[in-house]
Amino acid sequence: MSARRGYEGVAVAVPVTVPYVRYSTREAHWFIGQALKALLTQSQISKDEIDGLTVSSFSLAPDTAVGVTQHMGLSPRWLDHIPTGGASGVMALRRAARAVQAGDANIVACVAADTNHVDSFRLMLGSFSHFARDATYPYGSGGPNAMFAFITAHYMRKYGARRDDFGRICVAQRTNALAYGSRMFKKPLTLDEYMAARPIAEPLHLFDCVIPCAGAEAFLVMSEARARDLGLAYAVVRGAIERHNAFSGDPVMERGGWLLDRDDLYAMAGARPDDIDFVEPYDDYPVIAMLQFEDLGFCGKGEGPAFVRERTLTFDGDFPSNTSGGQLSTGQAGAAGGFLGMTEAIRQLTGAAKGRAVKDARLGLVSGFGMVTYDRCLCTGAAILGRAS
């Protein structure tokens, strides 16, 4: 196998969040448009200067990324449609970075957006995957809660995790979210409140589950030289990986594709897990964040419960995790949930994380996880971003 090429010279800049709302009658196109408008306003570039575009969305269908170019009056020479949910942020970054390195695009806008109305989640589940639908509906399981309850229960039995271990993740992320503007949950959360919350699908209770909402996330990818010329604060890409359908023979999912490629990730970045100043793991359920702590090398397999008991996960703690609050407290705006960690990492590394900044942060790790089938997720990815010198 040939050595991976690094991402030298690539900058990520202009993190954008279109404020989340619980329900909206607007379509995904509106949120995409608002994200693009904010990218242009904050970067002070013209629309014609965006010559690359990636789009991630579930509710955009039946329209596609190329339809967005017509709707928004764009004419890119490089285009990608990445409907991979929680892994889409890392995947968009990787593809856009390679396009910039190859000269196929100068400035790539990476956008993820979804709407959410009263019935949209049910409709999305029905069309998300016919394979998964046909395998689960006959048993009365119509969504991800039951599947992740299955995974969580297995992890608890095998590794001795307790509900309060997962609660530590949720409570810390709520503390982080209170310093973040665009969030669905406005009140603090105590561990007692977490433990007393009503059950959803045992052992999952209310605060273990993300809240669907509408919104958008976006960022720009370009060369470092272009970012400097434009006077933009930016972060650099130190390394990135992705893997799909890893460990498919495991009877129950308890590890992800990060485990297969993490050595390459750290080698590209010239770093070790101990060098990472903060992490932004995908967190549709707390067990998934715990799996990432393990598979990305911060602790061994099955050591996640002890790891979270011994550390403080708030932005001012010894292991800052999901410093915006993550999806568990900020909300899950569909595919934009896969971008949330990326935009937050850019803010942390460019001095824009006001009120929740990780002190002296130089390196941040963003990881993604997406595309739920009937028993597991298929897409994993991770990137290490660094503060520009």
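The coordinates are above.
A.B. asks: Explain the overall build of the protein here, please?
C.D. replies: For the protein, the count of helices and strands is 14 helices and 11 strands. Relative to the globule expectation of 21 Å for 389 residues, the C-alpha radius of gyration of the protein, 19 Å, shows essentially globular dimensions. Considered along the principal axes of its C-alpha atoms, the protein spans approximately 55 × 45 × 45 Å. By residue count, 61% of the 389 residues in the protein fall in the buried class.

A.B. asks: What exactly am I supposed to notice about the packing of helix α7 (residues 163-177) against helix α11 (residues 286-295) here?
C.D. replies: Two quantities define a packed helix pair, namely the angle between the axes and the distance from one axis to the other. Closest axis-to-axis distance for the α7/α11 pair is 9 Å, and the angle between their directions is 90°. Taken together, the axes of α7 and α11 are roughly perpendicular relative to one another. Side by side, α7 and α11 meet where Asp165, Phe166, Ile169 and Cys170 of the first sit next to Pro286, Val287, Ala289, Met290 and Phe293 of the second. Looking at the contact of α7 with α11, its residues break down into eight nonpolar, no polar and one charged.

A.B. asks: Is there a simple way to explain the side chain of arginine 174 in this structure?
C.D. replies: Along the chain, the position of arginine 174 falls in helix α7. If we ignore the near neighbours within four places in the chain, the residues touching arginine 174 are Phe185, Lys187, Pro188, Leu189, Phe207 and Ser329.

A.B. asks: When you look at α7 in this model, what are you seeing that I'm missing?
C.D. replies: Counted at 1.5 Å a residue, the expected span for α7 with its 15 residues is 21 Å, and the 21 Å between its end C-alpha atoms agrees. Buried residues dominate α7, accounting for 13 of its 15 residues.

A.B. asks: Before we go on, may I ask you to explain the environment of tyrosine 7 in this structure?
C.D. replies: In this structure, tyrosine 7 sits in the segment before β1 (10-21). Owing to a relative accessible area of 2%, tyrosine 7 belongs among the buried residues under this scheme. Taking the C-alpha atoms as reference, tyrosine 7 lies 32 Å from arginine 183; in sequence the two are 176 residues apart. Residues contacting tyrosine 7, with those up to four places away along its chain left out, are Arg94, Ala97, Arg98, Gln101, Val237, Gly239, Ala240 and Met268.

A.B. asks: Could you clarify how one ought to interpret the environment of isoleucine 200 in this entry?
C.D. replies: As for its position among the elements, isoleucine 200 is in strand β5 (residues 199-201). Beyond its immediate chain neighbours, meaning those up to four positions away, isoleucine 200 contacts Asn145, His205, Leu206 and Cys209.

A.B. asks: Honestly, unusual backbone geometry in this entry has me stumped. Any pointers?
C.D. replies: Glycine aside, the phi torsion of most residues is negative, and most peptide linkages are trans. Alanine 61 connects to proline 62 through a cis peptide bond whose omega is 10°. By the secondary structure assignment, proline 62 is in the loop between β2 (52-56) and α2 (65-72). Cis geometry is found at the peptide bond from glutamate 202 to proline 203, where omega equals 10°. With respect to the helices, strands and loops of the structure, proline 203 is situated in the loop between β5 and β6 (204-205). If you check the backbone angles, glutamine 44 has positive phi at about 60° while not being a glycine. Locating glutamine 44 in the fold gives a position in the loop between α1 (28-43) and β2. Judged by its relative accessible area of 71%, glutamine 44 is exposed. Phi angles above zero are rare outside glycine, and aspartate 360 is one such case at about 55°. Structurally, aspartate 360 can be placed in the loop between α14 (337-349) and β10 (363-372).

A.B. asks: Looking at this structure, I do not really get the pattern of salt bridges. What am I missing?
C.D. replies: Any two side chains of opposite charge can pair if their charged atoms end up close together. Applying the stated criterion to the full structure yields 20 salt bridges. Salt-bridge contacts for arginine 4 lead to aspartate 264; the nearest nitrogen and oxygen are separated by 2.7 Å. Residue arginine 4 is found in the segment before β1, and its partner aspartate 264 is found in helix α10 (residues 258-269); the two are separated by 260 residues along the sequence. Overall, aspartate 264 belongs to the partly exposed group, its relative accessible area being 29%. In this structure, aspartate 164 engages arginine 162 in a salt bridge whose closest nitrogen and oxygen atoms are separated by 2.9 Å. Overlapping salt bridges, with partners in common, bring together Arg162, Asp164, Asp165, Arg168 and Arg309 in one network.

A.B. asks: Is there a simple way to explain the sheet that holds β2 in this structure?
C.D. replies: Paired through their backbone hydrogen bonds, the strands of a sheet run either parallel or antiparallel. Sheet architecture is open: nine strands sit in the order β3-β2-β4-β7-β1-β8-β11-β10-β9, paired in mixed fashion. Looking at strand neighbours, the two that pair on one side only are β3 (78-81) and β9 (278-280), the edges of this open sheet. Taken over all neighbouring pairs, the strand axes of this sheet differ in orientation by 20° on average, direction set aside. Note: strand β8 (residues 234-244) against strand β11 (residues 377-387), nine bridges, orientation antiparallel. Bridge pairing in β11 links valine 236 to glycine 386. Along the sheet, α10 contacts β8, β10 and β11; its crossing angle with β8, the most-contacted strand, is approximately 155°.

A.B. asks: How should the state of the cysteines be read in this particular structure?
C.D. replies: Throughout this description, disulfide means a covalent bond between two cysteine sulfur atoms. The full count for this structure, using the stated rule, is zero disulfides. Here cysteine 209 stays unpaired: no disulfide links it, and the sulfur of cysteine 170, its closest cysteine neighbor, is 9.0 Å away. A relative accessible area of 11% places cysteine 209 in the buried class.

A.B. asks: What should I look at first to understand the pairing of strand β4 (residues 107-114) in this one?
C.D. replies: Put simply, side chains in a regular strand alternate between the two faces of the sheet. The buried count for β4 comes to eight of eight residues, which makes it a mostly enclosed element. Every second residue of β4 is oriented toward a common face, with Ile107, Ala109, Val111 and Ala113 on one face and Val108, Cys110, Ala112 and Asp114 on the other, all of them buried. Relative to β4, β2 runs parallel, the two sharing five bridges. Each bridged residue has a counterpart across the sheet, and for valine 55 the counterpart in β4 is valine 111. Where β4 and strand β7 (residues 214-223) come together, eight bridges link them in antiparallel fashion. Each bridged residue has a counterpart across the sheet, and for isoleucine 107 the counterpart in β7 is methionine 222.

Cut-off values and rules
- Residues numbered from 1 in each chain as written.
- Predicted model: local features only at pLDDT ≥ 70, side-chain atom pairs only at ≥ 80, totals over all residues.
- Heavy atoms only, no water.
- Helix = DSSP H or I, 4+ residues; strand = E, 2+ residues; numbered from the N terminus.
- Rg over C-alpha atoms; globule rule 2.2 N^0.38 Å.
- Buried < 20%, exposed > 50% of the residue type's maximum accessible area, 1.4 Å probe, protein only.
- Axes fitted to C-alpha atoms, helices over the stretch in contact; angles between N-to-C directions.
- Parallel < 35°, antiparallel > 145°, perpendicular 65-115°, else oblique.
- Contact = heavy atoms within 4.5 Å.
- Nonpolar A, V, L, I, M, F, W, Y, C, P; charged D, E, K, R; others polar.
- Expected span 1.5 Å × (residues − 1).
- Salt bridge = Lys/Arg side-chain N within 4 Å of Asp/Glu carboxyl O.
- Pairing = 2+ DSSP bridges.
- Disulfide = S-S within 2.5 Å.

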